[in-house]
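# A structural walkthrough
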Amino acid sequence: MIIDCAKYSGNCSCGRSHPLETRMVVVEYGALHRFDEYMDACGLGGRRTVLYDTNTYNLPGMVHVRADRELVLEARGLHSEKSLIEAIVPQLDDPDVIITVGSGTLMDFARYNANSLGIPFVAIPTLASSDGFTANICSVVIDGHKRSIPMHAPALVVTDLGIISGAPMFLTVSGIADILAKHISLADWLIAHLVSGEHYCERVALLAREAMALMERSVDGLLRGERPDFEAMAAAQMYSGLTMQMMGSSRAASGAEHLIAHLVEMKPPRFESAHGIHGECVGVGSIIVAEEYHRLAALGRPRAKPFEPLGESWVREKFGPLADGILEENRNDVLSAFDPQRIVDVWDEIVYIISQIPSAETLAGRLRDLDGKYRLSDIGIDEALKPEILDISSAIRNRLTLARMRRVLDFGE
Ligand SMILES: [Zn+2]
Ligand SMILES: [Zn+2]
């Protein structure tokens, strides 16, 4: 499959224009044998520096594309840190285009440097368990803090399914969980739009739903014992990443459920043993959020409560040494920007949106049947923390989700 990105970019009925730097996404078996053709089609000529790490360079079946310079980084200890990323610039040898072969970390090495050198970069994913390949977000550690900074997206993504299909199954399942969780992110986005007037785009939402539908069909096939449809699963990840590029943010791809993954990364007090890769944590998060949203929908129309900022003592108790960053994040709380009564006024619509989210049992059952992670204990979190986990995770990011809105709602409980 070849995705021609021009179809999704440009002026939109939502009133915005959706720029896409990515011109073409290829998802095919043997795609690397035709790599030069795709480069030509995208007008990507000139000197090429191709970036690998010691793992991706030696992957079974790897086709090493033509390079003016090859750079193979030691995989051990490689992580996205500004100083490490900038240190490779002299070795890049003044290229016209950087081609990166690997997963998220190598993507960041190419993205960051291509950005500062003002040149395009091309991604050759070796895993399709992430929707970051077609996104424009760089996750990099600067002065000890992890930051997600919008930067360039790859001009071309060439996914060779012969290589992707060799990835371990748990990574594939993690990628599945990340995409199925868009049920929650899309609901959060639409609800936020209804109550606060936040920008919403049907074209972007449709593309995210298309990603979800592709993934759901693949999962159904997998559970019937069919061979994995790597083409559909990889395409789903690519579509999801494109939504982030179109919006210039992860709004369509990340809601209350993703904050559970951030919680696991941050490890505040009592969450010190939390672990798991991104999609696994998002999958568990989506089950917790689905359960809570369906529960709220069943409670009946709430009453509005006046907005109050998060209490400093609460933040210090829940976040310990991380509290200052959380207080800073919540300084201009999105909850204070609209009248909470608005949530009550559109409650019937919110209940309808929630009714479109699969039940927690359905989401959990799918992940369980795929041998994936579906319980808090599977990601190293004590089940006893469940009643307060969404209060804590919602404070991590100042983004309007229904989980956060609970602070200005009274359900009479
Ligand atoms: Zn739009
Ligand atoms: Zn994700």
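To continue, consider the environment of I3. Relative to the elements of secondary structure, I3 occurs in strand β1 (residues 2-4). In the structure, I3 is positioned 336 residues away from D339 in sequence and 42 Å away in space, judged by C-alpha atoms. The residues touching I3, leaving out its near neighbours within four places in the chain, are Y8, R23, M24, V25, M238, Y239 and L242.

This part takes up helix α10 (residues 230-247). Taking 1.5 Å of rise per residue, the 18 residues of α10 would be expected to cover 26 Å, and the 26 Å separating its terminal C-alpha atoms lies within 8% of that figure. The buried fraction of α10 amounts to 17 of the 18 residues, a majority that puts the element mostly inside the structure. Phi for G248, located one or two positions after α10, is positive at around 70°.

Time to look at the domain arrangement of the protein chain. Split by domain assignment, the protein chain resolves into domain 1 (2-167) and domain 2 (170-195 + 255-410). The distance between the C-alpha centroids of domain 1 and domain 2 comes to 31 Å. On the side of domain 2, seven residues touch domain 1, which itself brings five residues to the contact. Of the roughly 450 Å² buried at the junction of domain 1 and domain 2 (both faces included), carbon and sulfur atoms supply 50%.

Our focus in this paragraph is empty space enclosed by the protein. One pass over the structure, following the stated rule, counts three cavities of 30 Å³ or more. As a volume, the largest cavity reaches approximately 110 Å³. Lining the largest cavity are 13 residues, with A128, S129, I164, T172 and F230 sitting closest to its centre. Elements that contribute at least two residues to the lining of the largest cavity include exactly α7 (169-180) and α10. Here the element with the most residues in the lining of the largest cavity is α10; it accounts for four residues. Broken down by class, the residue content of the lining of the largest cavity amounts to nine nonpolar, four polar and no charged. Shared between two domains, the lining of the largest cavity takes at least three residues from each, and those domains are domain 1 (2-167) and domain 2 (170-195 + 255-410).

What counts and what doesn't
- Residues numbered from 1 in each chain as written.
- Chains lettered and ligands numbered in written order.
- Predicted model: local features only at pLDDT ≥ 70, side-chain atom pairs only at ≥ 80, totals over all residues.
- Heavy atoms only, no water.
- Helix = DSSP H or I, 4+ residues; strand = E, 2+ residues; numbered from the N terminus.
- Contact = heavy atoms within 4.5 Å.
- Expected span 1.5 Å × (residues − 1).
- Buried < 20%, exposed > 50% of the residue type's maximum accessible area, 1.4 Å probe, protein only.
- Domains from an automatic or database assignment.
- Buried area = accessible area lost by both parts, 1.4 Å probe.
- 1 Å grid on protein atoms, 1.4 Å probe; cavity = no way out; pocket = protein on both sides within 12 Å on 5 of 7 lines; lining within 4 Å.
- Points joined across faces, edges and corners; volume = space filled by probe spheres on them.
- Nonpolar A, V, L, I, M, F, W, Y, C, P; charged D, E, K, R; others polar.

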